[in-house]
Structure formats: C-alpha cells, structure tokens
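If you want the building blocks of each chain, they are given just below.
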Amino acid sequence: MWWWVCVWVLLPWVGAARAEIGTDEPGAVILFPKVVRTATEDTIIQISNTTGVRISLLCLYVNGAPDPNTGEPLWQVVDFQISLTRQQPTLWVASSGLGPQPTDGRAPDLHPGLVPPLAEGFLGELRCVVIDEGEIPSGRNALTGEATLIDRVNGSVRKYPAYSLRASGNNNRDKILALDDREYSACPRILLLNHFYDQAPDPITSGPITTNITFVPCSADFERGLPTTTNLLFETFNEFEQRLSASFSVNCFADLPLPWIDSRSDPARSVFHFALQGTLVAQTRIRPVPTRSVTQGSGVLAIAEEFRDGGRMGTALKPHFIGGSLQGDVIVLPSSF
C-alpha cells in the first residue's frame, strides 16, 4: 500500500519535469549568440552529435550587423543542412565553411555536407535544429556545440559553449517550435551576470578591464523574415549592495560595450562604469519585459566578453539563469529550405 502511495505522490512531479535550457546537456536546438567574420576577426564553430544514430540538422546564420544606411540590424538569413554520424563532432571556420566534398581524406559518409562561407561584415548568430528524414523538427536531444572567437590582430581568443534547448518529449512535428517548457526549453526569466565594472583596474596588472555584451532574442520568425524586438531591464549591484538600474531595447541582435546600454555618448556616466560605481565588481540582473504578444515572447540569451591588457587577453562569460520565461518564446522555421 505504501508503494502505491509513493507512486501516487510522485506522479505529479514526473509530469512536471522541465527541460532546462543550458550549456552542459545536449539539446534538440542549439544557439550560438555570437558569430563574427570580419577582415580581422573570425569564428570556429564546433558541433557534436552525442547520440548513437545519424542525425540531420537545419542551421540558420542570421546577420545582425548594422545596416550602413539606417543603423538597424540587417536581418539577413542563410540556411543550410548538414548530417552527423553517431558520436561525430564536426567543425569549420566561419570565413571558409565546408565544401560539398571532403578534402581531408575522410570517407564521404563522414563529411557533414556543404557549409557556406561567411562574407566579411558578418556579425550575428547561428541556430541549428535537429530534423528527421522528412525535414520535420525532431525531439532528439543530440547536439552540443562550442564557438571560438578569434582576433587575428592582437591574438585574443575567447571560447564559449552553445546554448542547448532541450526537447520535452511533446514535439508536435510542426515548424513552430514552442519554447515553453512543454515542447522545448523555455528561455530564462532572469539572467545573472557577474562582471567587473567597465574600466575597473585589473587587480594584478592595474590595467583597465572592459566588457562587451551580446544579446539575441529567443523568438525568431524565419518564415516571414521578421526580427524580434524585446525590452530589457537591468539592475546592477555593486560591492556595497547599492542598486542602480537601466533599460535597453534589443531589435534582432545587439553587440555593444557594456556602458553603451545606458550612456553611449558618455560611457563614464553609465551605471556600469567604474568611475560612477567606485567598486571593482558587480552582479547585474537582466530581466526581459513581457509583452501582450501571443505570437512571440520576450526572452533573450546573452554572452559577455571580458578584455584585459588592451584587448590582447579576453574571456567569454556565460550568465547564470533564474526560472523559465513567463511568456513562452517561439521559433518559426521557414516552410521550405
């Protein structure tokens, strides 16, 4: 009798299991928030199939670089498909991609397929979705990934893990991916970033530390080619637990120095600047503002980059997460690709 009571008590918890977004478990969707390809910068992309079966992927590059005429993100999308055999990793350099046939002596069935090279001026994201033979999104949690950002001028290298959105076992096999903790992982309700204030002196070298941050909305409508706009609220706490706030709007993609969030014209007046705060380190809470939209949510993902020694040393920082989004995000895949 007690055994049946235990089962009855545990059943609600089993049904409520959540597919948490993260970077340490494989997912059915992976997202690289920052991919860059310029005359001096490049990106190495690595994707791995962690399962024992062959899988196919639909991948989408999104160029969010500012339009030279309007300043708004370009929102240019390039899609491609690759296949990975069981337990197979693959990698490519963004500037060169991969040719249609292997050039390193490997067997043709071990070659993932054509990956288009990125032209100079690309600054944006990469998303990959596991699909089946009928080009329908699959609920197989198979993918992990890493990106390495390279600056060929000063030799700076920063590596970060891709975000993985796990399928929850309720895939309805359409091309509208609901990031609601029922079909796929929900994006975080709050992002926590531990960082140095901008221009804070390095405790070892005394040189100034700078921080760059990249934001990507979780929702994306690739069918209609519509970028997503989301509003963010920031609360930054210094070492004395004093709180200051700021706000910022992200349209499609944002990549900027930390002080530009609230004071682009005069960074020293920013709430993220050492001159204003007077302490070295901070914890900043980033909260997406829910909207009344029923077609897309307001969640975001982010990567921060911390630079020392005039940019010659750098590291990538991944925010911590609190809770799932109050408003589910949606990725709408193109109907044909």
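Reading the values: the criteria
Just so you know, the residues in each chain are numbered from 1, in the order the chain's sequence is written. Owing to the predicted nature of the model, reporting of local features is limited to residues with pLDDT of at least 70; listing and counting of side-chain atom pairs is limited to 80 or more, with chain, interface and lining totals taken over all residues. The side-chain quantities take in all heavy atoms of the structure and omit both hydrogens and water. At least two bridges found by DSSP between two strands is the condition for calling them paired. The helix and strand labels rest on DSSP assignments: H or I over at least four residues marks a helix, E over at least two residues marks a strand, and numbering proceeds from the N terminus. We call a pair of cysteine sulfur atoms a disulfide whenever their separation is within 2.5 Å. Using a 1.4 Å probe on the protein chains alone, a residue whose accessible area is under 20% of its type maximum counts as buried, one over 50% counts as exposed, and one in between counts as partly exposed. Residues belong to a common nonpolar core when they are buried Ala, Val, Leu, Ile, Met, Phe, Trp, Tyr or Cys residues joined through side-chain atoms within 4.5 Å. By the convention used here, residues are in contact when the closest approach between their heavy atoms is within 4.5 Å. An axis is simply a line fitted to the C-alpha atoms; with a helix, the fit covers only the stretch in contact. Between two such axes, the angle follows the N-to-C directions and lies from 0 to 180 degrees.

**Student:** I tried to follow the pairing of strand 7 (residues 143–151) on my own but got confused; where do I start?
**Tutor:** Put simply, side chains in a regular strand alternate between the two faces of the sheet. Pairing geometry for strand 2 (residues 41–49) and strand 7, over 9 bridges, is antiparallel. Directly across from aspartate 42, in strand 7, lies its bridge partner isoleucine 150. Strand direction decides the pairing type here: strand 7 and strand 8 (residues 157–161), joined by 5 bridges, are antiparallel. Note on strand 8: the bridge partner recorded for glutamate 146 is proline 161. Hairpin connection, strand 7 to strand 8: the antiparallel pair is bridged by 5 residues, and glycine 155 has positive phi, about 80 degrees.

**Student:** What is the right way to read the state of the cysteines from this model?
**Tutor:** Where two cysteines share a covalent bond between their sulfur atoms, that bond is called a disulfide. Inspection of the entire model under this criterion finds 2 disulfides. Disulfide partner of cysteine 59: cysteine 128, at an S-S distance of 2.1 Å. When the S-S torsion is 110 degrees, as for the bridge of cysteine 59 with cysteine 128, the disulfide is right-handed. One end of the pair, cysteine 59, is in strand 3 (residues 55–63); the other, cysteine 128, is in strand 6 (residues 122–131), and 69 residues separate them in sequence. Considered together, cysteine 59 and cysteine 128 belong to a single accessibility category, that of buried residues. Take the cysteines of the chain that form disulfides and number them in order along the sequence; they join up as 1-2, 3-4. The cysteine cysteine 252 is free of any disulfide, with cysteine 218 supplying the nearest cysteine sulfur at 13 Å. The buried category is assigned to cysteine 252, whose relative accessible area is 3%.

**Student:** Sorry if this is basic, but what is going on with the sheet that holds strand 10 (residues 176–179) here?
**Tutor:** Backbone-to-backbone hydrogen bonds pair the strands of a sheet. The strands run either parallel or antiparallel. As summarised here, the arrangement of the 3 strands in space is 10-22-14, forming an open sheet in which the pairing is mixed. Each edge of the open sheet carries a strand with a single partner, namely strand 10 and strand 14 (220–221). As judged from the 4 bridges shared by strand 10 and strand 22 (residues 329–332), these two strands associate in the antiparallel manner. Across the sheet, the residue bridging to leucine 177 is isoleucine 331, located in strand 22.

**Student:** Honestly, the nonpolar core in this entry has me stumped. Any pointers?
**Tutor:** Judged by nonpolar contacts, the single largest core of 58 residues is most densely connected at Phe32, Val35, Ile47, Leu57, Tyr61, Trp92 and Leu126. Leaving out residues up to four positions away in the same chain, tryptophan 92 has contacts with Thr43, Ile44, Ile45, Ile47, Tyr61, Phe80, Ile82, Gly97, Leu98, Val115 and Leu126. By size, the runner-up hydrophobic cluster in this structure holds 20 residues, among which are Phe215, Leu256, Val300 and Ala302.

**Student:** Explain the sheet that holds strand 3 to me, please; I cannot follow it from the model alone.
**Tutor:** Taking strand neighbours across the sheet as the criterion, the 5 strands line up as 4-3-6-1-9 in an open arrangement whose pairing is antiparallel. Of all strands in the sheet, those with a lone pairing partner are strand 4 (76–84) and strand 9 (163–165), marking the two edges. Put simply, the sheet's adjacent strands are angled 25 degrees from each other on average, direction ignored.

**Student:** Where do I start with the environment of valine 78 in this structure?
**Tutor:** Assignment of secondary structure puts valine 78 in strand 4. As a C-alpha pair, valine 78 and tyrosine 61 span 17 residues in sequence and 5.1 Å in three-dimensional space. Ignoring sequence-local partners within four residues, the contact set of valine 78 consists of Cys59, Leu60, Tyr61 and Pro116.

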